[in-house]
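Secondary and tertiary structure notes
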Amino acid sequence: MTKHRHFIIHKPYGYLSQFVHNERRRKNRKLLGELHDFPEGTMSIGRLDQNSEGLLLLTTDGKVSHQVLSKKIEKEYYIQVDGIITDEAIEALKKGVDIALQGEIYETLPCKAFRLDSAPDFPPRAQKIRDARHGPTSWMSVTVNEGKFRQVRKMSAAVGFPTLRLVRVRIGNIHLNDMKSGEVVEVEEFSLT
């Protein structure tokens, strides 16, 4: 029986959560395979879009993917938003908001959300966000149990505070901690609960 391999990575900004180029896409996109010599058959569990950063789990075992993506496993994101997030916006996020999903209106499940008192200690992003001339920004934590396409970005926009930077910091009991951008750690298994 083949022994499966599992990896925890800090996905950098600008990388796609895939290993093979789609021929219809431009060739100059950065893929996860450039970060490490992953074994054949490695796949990402869930995705982070090209502009998102942070914790991403990779495995050669498709069965593990189902467990991680279940609604029992929390996914926590730190997001930098345009403007100073209000208590009203945070309360709306906690209750669930309407977002567009494949041309339909979808109401997100209740989630955990709170303002961060200070900016997290992340290294500067490869591409500058913007500067102070464009107004203030603030950071918040959003924890969801679902993972719809660009969900957290759509949620923050729905309450009037578009996301400028998104970093996934936790999946279940696995934390990003102080992993450096682009760092890859191989583990025996994922300790999610």
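Look a little higher up for the structure.
Conventions and cut-offs
- Residues numbered from 1 in each chain as written.
- Predicted model: local features only at pLDDT ≥ 70, side-chain atom pairs only at ≥ 80, totals over all residues.
- Heavy atoms only, no water.
- Helix = DSSP H or I, 4+ residues; strand = E, 2+ residues; numbered from the N terminus.
- Rg over C-alpha atoms; globule rule 2.2 N^0.38 Å.
- Buried < 20%, exposed > 50% of the residue type's maximum accessible area, 1.4 Å probe, protein only.
- Pairing = 2+ DSSP bridges.
- Core = buried A, V, L, I, M, F, W, Y, C linked by side-chain atoms within 4.5 Å.
- Contact = heavy atoms within 4.5 Å.
- Salt bridge = Lys/Arg side-chain N within 4 Å of Asp/Glu carboxyl O.

1. A short note on the overall build of the protein
Along the protein, the regular secondary structure elements total three helices and 13 strands. Taken against the 2.2 N^0.38 rule, which gives 16 Å for 193 residues, the C-alpha radius of gyration of the protein at 17 Å falls within 12% of a compact globule. With the C-alpha coordinates of the protein rotated into their principal frame, the extents come out at 55 × 35 × 35 Å. Of all 193 residues assigned to the protein, the portion counted as buried reaches 47%.

2. Observations regarding the pairing of strand 10 (residues 137–144)
In terms of burial, strand 10 is largely enclosed, as seven of its eight residues are buried. Relative to strand 10, strand 9 (residues 112–115) is paired through four bridges, and the arrangement is antiparallel. Bridge pairing in strand 10 links Lys112 to Thr143.

3. A look at the nonpolar core
Judged by nonpolar contacts, the single largest core of 27 residues is most densely connected at Ile9, Ile79, Met140, Val142 and Met155. Contributions of two or more residues to this core are made by strand 1 (6–11), strand 5 (53–59), strand 6 (75–82), helix 2 (87–95), strand 10 and helix 3 (151–158). Here Ile79 is in contact with Ser138, Trp139, Met140, Val142, Val152, Ser156, Thr163, Arg165 and Leu166, once residues within four sequence places are set aside. Ranked by size, the runner-up nonpolar core spans 18 residues in total, among them Leu55, Leu116, Trp139 and Leu176.

4. Quick word on the environment of Asn28
Mapped onto the secondary structure, Asn28 falls in the loop between strand 2 (15–16) and strand 3 (30–31). On a C-alpha basis, the gap between Asn28 and Lys95 in space is 40 Å, while along the polypeptide they are 67 residues apart.

5. Comments concerning unusual backbone geometry
The phi dihedral of Arg150 falls on the positive side, at around 55°, and the residue is not glycine. Mapping Arg150 onto the fold places it in the loop between strand 10 and helix 3.

6. Considering the pattern of salt bridges
Side chains bearing opposite charge may pair, as long as their charged atoms lie close to each other. Going through the model one piece at a time under the given rule, you end up with ten salt bridges. With a shortest N-O distance of 3.0 Å, Arg170 and Glu76 are connected by a salt bridge. Here the residue Arg170 occupies a position in strand 11 (residues 163–171), and Glu76 occupies one in strand 6, the gap between them amounting to 94 residues. Residue classification places Arg170 among the buried positions, given a relative accessible area of 12%. Exposure remark for Glu76: the relative accessible area of 11% places this residue in the buried category. Members of the salt-bridge network, linked through shared partners, are Glu74, Glu76, Lys112 and Arg170.

By themselves these figures say nothing about function.
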